[in-house]
Amino acid sequence: MLNLDSAFSALADPTRRAILARLAQGEATVTELAEPFEMTQPAISQHLKVLEDAGLIARRVDGTKRPRRLVEGGIEAMDQWLAMVRKALQGNYHRLDEVLAAMEPVKPKETR
Amino acid sequence: MSKMTLKTEGDTHVVVERRFAAPPEALYRAHTEPKLIQKWMLGPEGWTMPVCISDAQPGGKIRYEWTHANGGGFHLTGEYLELEPCRRIVHVQRMYLPDPTPDNHIETRFDPDGAGTLMTMRMTLPDAQTRAAMLASGMERGMEASYVRLEGVV
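Caption draft 1: Region of the structure containing the overall build of chain B. Each helix and strand counted, chain B has 4 helices and 8 strands in total. Counting only contacts in chain B whose residues sit at least 6 apart along the sequence, the fraction spanning at least 24 positions is 34%.

Right under this line is the structure:
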C-alpha cells in the first residue's frame, strides 16, 4: 500500500530516484542496483528498504536472490496526489480572479 | 490565461506560476489586505478564514486561521520580510498542524504581463525532507476528503 508521506520523502533522495529510474526499465537484483553507485550493498539495501516501506517497490523471491521491481501505480498515485494539490490551488486562484474582477471597476477602454 | 503551473525546482523549492487578467496593483492588494485575502485563500470546499491578520510592512505579523464547516481547523503564522508595493512580497510562514511545520520562505512576484499580471510564487523549504512532507500533506489542510478518495483508488 502506497504511503504518500513516505513516498514523497523517499523521492527526496537522488540515489533513490536513480534506483526508481533503473527499476522503471525492469526488475533488478540488489547487486545490479548497487553497481552504478559507489555504495556498499548494505547502503543500497537501506535505500531499498525506504522505497519498499513507502510502497513504491516490492521484492520477489528467486532462489537466493530477491529482485526488486516497481509497484504498479505507485508513482502514478503520487502524480494524482500532486494533481489534487494543483486543483486546490487552482480553486483559490479562480476565486481570486473573481475577487480581482470585483475590485476593479471597469475602466473605459481606449477605442481600437 | 488561467493556466497554473506548480513544479519543484532543485531539492528545496516549489514554484507556482499563474497569469491574471488584473494588473499587479490589484494582485498585490489581494495578497496583503485581510478583507480580500479572506475571500479567496480558502483551499477546498467548506473552508472559511474567520481570522486574518496581515500587517503588510517589513517585520509585520501574519496570522491566518481556517475553520471547516464540519468543525476542525488550523492556522498559520508568519512575518513579512520585504515588500515592494505592487511588485513583490517576501514573507516566511509556518503551519500549525498542530505542531509548527518548518519555516517556508516565500517570494511572490507580480510582473506586468500585457494588460494583466504574471504571478510567480517561489517557496523555499529548509531541506528536501521538509519539501516532501509539505507536498505530501497537500500544502494545505482540508484535503482529507481527497486523500480518502485517493486511498480508495490506490
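There is more to say after this.
Caption draft 2: The arrangement of the overall build of chain A in detail. Counting secondary structure elements, chain A contains 5 helices and 2 strands. The C-alpha radius of gyration of chain A comes to 23 Å, more than 25% above the 13 Å expected for a compact globule of 112 residues. In terms of overall dimensions, chain A has C-alpha extents of about 80 × 30 × 20 Å along its principal axes.

Caption draft 3: Inspection of the packing of helix 2 (residues 14-23) of chain A against helix 4 (residues 41-53) of chain A at higher detail. All names here are of chain A. Where helix 2 meets helix 4, the axes come as close as 10 Å, and the angle between the chain directions of the two elements is 75 degrees. In terms of orientation, helix 2 lies roughly perpendicular with respect to helix 4. Each of Thr 15, Arg 16 and Ile 19 in helix 2 lies in contact with helix 4, whose residues at this interface are His 47, Val 50 and Leu 51.

Caption draft 4: Up close: the confidence of the model for chain B. Residues and elements named next belong to chain B. With 87% of its residues at a pLDDT of 70 or more, chain B shows a mean pLDDT of 85. For chain B, the element scoring lowest by mean pLDDT is helix 4 (residues 144-153), at 39; strand 7 (residues 104-113) scores highest, at 97. The ipTM value of the predicted complex is 0.81, and its pTM value is 0.72.

Caption draft 5: How the structure looks around the interface of chain B and chain A. Contact residues are listed per partner, giving 32 residues for chain B and 28 residues for chain A. For the side of chain B that touches chain A, the element with the highest residue contribution is helix 3 (residues 128-136) of chain B, accounting for 7 residues. Per-class residue counts for the side of chain B that touches chain A are 21 nonpolar, 5 polar and 6 charged.

Caption draft 6: Region of the structure containing the nonpolar core. Residues A:Ala7, A:Phe8, A:Ala10 and A:Leu51 are the most contacted members of the largest nonpolar core, which totals 26 residues. Those elements that provide at least two residues to this core are helix 1 (4-10), helix 2, helix 3 (30-34), helix 4 and helix 5 (74-103) of chain A together with helix 3 of chain B. Among all residues touching A:Ala7, those that are not within four sequence positions of it are A:Leu2, A:Ala54, A:Gly55, A:Leu56, A:Gly74 and A:Met78. In this structure, A:Leu100, B:Tyr64, B:Phe110 and B:Met119 belong to the second largest nonpolar core, which totals 18 residues.

Caption draft 7: Geometry of the confidence of the model for chain A. Scored by pLDDT, chain A has a mean of 84; 92% of the residues are at 70 or more. Element-level mean pLDDT values for chain A span from 80 in helix 1 of chain A up to 95 in strand 1 (residues 57-59) of chain A.

Caption draft 8: Here's a closer look at helix 1 (residues 24-32) of chain B. Within helix 1 of chain B, 7 of the 9 residues are buried, which leaves it mostly tucked inside the rest of the structure. Three or more residues of helix 1 of chain B are buried, namely B:Pro24, B:Ala26, B:Leu27, B:Tyr28, B:Ala30, B:His31 and B:Thr32.

Caption draft 9: Local environment of the pairing of strand 8 (residues 116-124) of chain B. When strand 2 (residues 13-20) of chain B meets strand 8 of chain B, the two strands line up antiparallel, connected through 8 bridges. Its bridge partner being in strand 8 of chain B, B:Phe20 is matched across the sheet by B:Thr117.

Caption draft 10: Up close: the environment of B:Thr77. Residues and elements named next belong to chain B. Within the secondary structure, Thr 77 sits in strand 5 (residues 73-84). With 23 residues separating them in the primary sequence, Thr 77 and Ser 54 have C-alpha atoms 9.8 Å apart. When near neighbours in sequence (up to four residues on either side) are disregarded, Thr 77 contacts Ile 62, Arg 63 and Arg 94.

Caption draft 11: The packing of helix 5 of chain A against helix 1 of chain B, seen in detail. For the pair helix 5 of chain A and helix 1 of chain B, the least separation of the axes is 10 Å and the interaxial angle reads 115 degrees. In this structure, the crossing between helix 5 of chain A and helix 1 of chain B has a hand that is right-handed. Two secondary-structure elements touch here, helix 5 of chain A through A:Leu96, A:Val99, A:Leu100 and A:Met103 and helix 1 of chain B through B:Ala26, B:Arg29 and B:Ala30. The residue makeup of the contact of helix 5 of chain A with helix 1 of chain B, split by class, is 6 nonpolar, no polar and 1 charged.

Caption draft 12: Structural detail: helix 2 of chain A. Residues and elements named next belong to chain A. When we look at burial in helix 2, the residues that qualify are Arg 16, Ile 19 and Leu 23. Considered in projection along helix 2, the buried side chains sweep an arc of 55 degrees and stay on one side of the axis. Residues Pro 14 and Ala 21 are exposed on helix 2 and point more than 90 degrees away from its buried face. Structurally, helix 2 contributes buried residues whose contacts are with helix 1, helix 3, helix 4, strand 1 and strand 2 (68-70).

Caption draft 13: Representation of the sheet that holds strand 4 (residues 61-68) of chain B within the structure. If you walk across this open sheet you meet the 8 strands as 1-2-8-7-6-5-4-3 (chain B), and the pairing is antiparallel. This sheet does not close on itself; its edge strands, each paired only once, are strand 1 (4-9) and strand 3 (47-54) of chain B. Taking each pair of neighbouring strands and ignoring which way they run, the sheet shows an average axis angle of 20 degrees. Its contacts with the sheet put helix 5 of chain A on strand 1 and strand 2 of chain B, and the angle it makes with strand 1 of chain B is roughly 135 degrees. Contacts from helix 1 of chain B reach strand 2, strand 3, strand 6 (88-96), strand 7 and strand 8 of chain B within the one sheet, and its direction differs from that of strand 7 of chain B by about 155 degrees.

What counts, and where the lines are drawn
Residues numbered from 1 in each chain as written. Chains lettered and ligands numbered in written order. Predicted model: local features only at pLDDT ≥ 70, side-chain atom pairs only at ≥ 80, totals over all residues. Helix = DSSP H or I, 4+ residues; strand = E, 2+ residues; numbered from the N terminus. Contact = placed C-beta atoms within 7 Å. Rg over C-alpha atoms; globule rule 2.2 N^0.38 Å. Axes fitted to C-alpha atoms, helices over the stretch in contact; angles between N-to-C directions. Parallel < 35°, antiparallel > 145°, perpendicular 65-115°, else oblique. pLDDT = per-residue confidence, 0-100. Nonpolar A, V, L, I, M, F, W, Y, C, P; charged D, E, K, R; others polar. Core = buried A, V, L, I, M, F, W, Y, C linked by C-beta atoms within 7 Å. Buried ≥ 20, exposed ≤ 12 C-beta atoms within 10 Å, placed from the backbone. Pairing = 2+ DSSP bridges. Left-handed = near helix turned anticlockwise from the far one by under 90°. Arc of directions from axis to C-beta.

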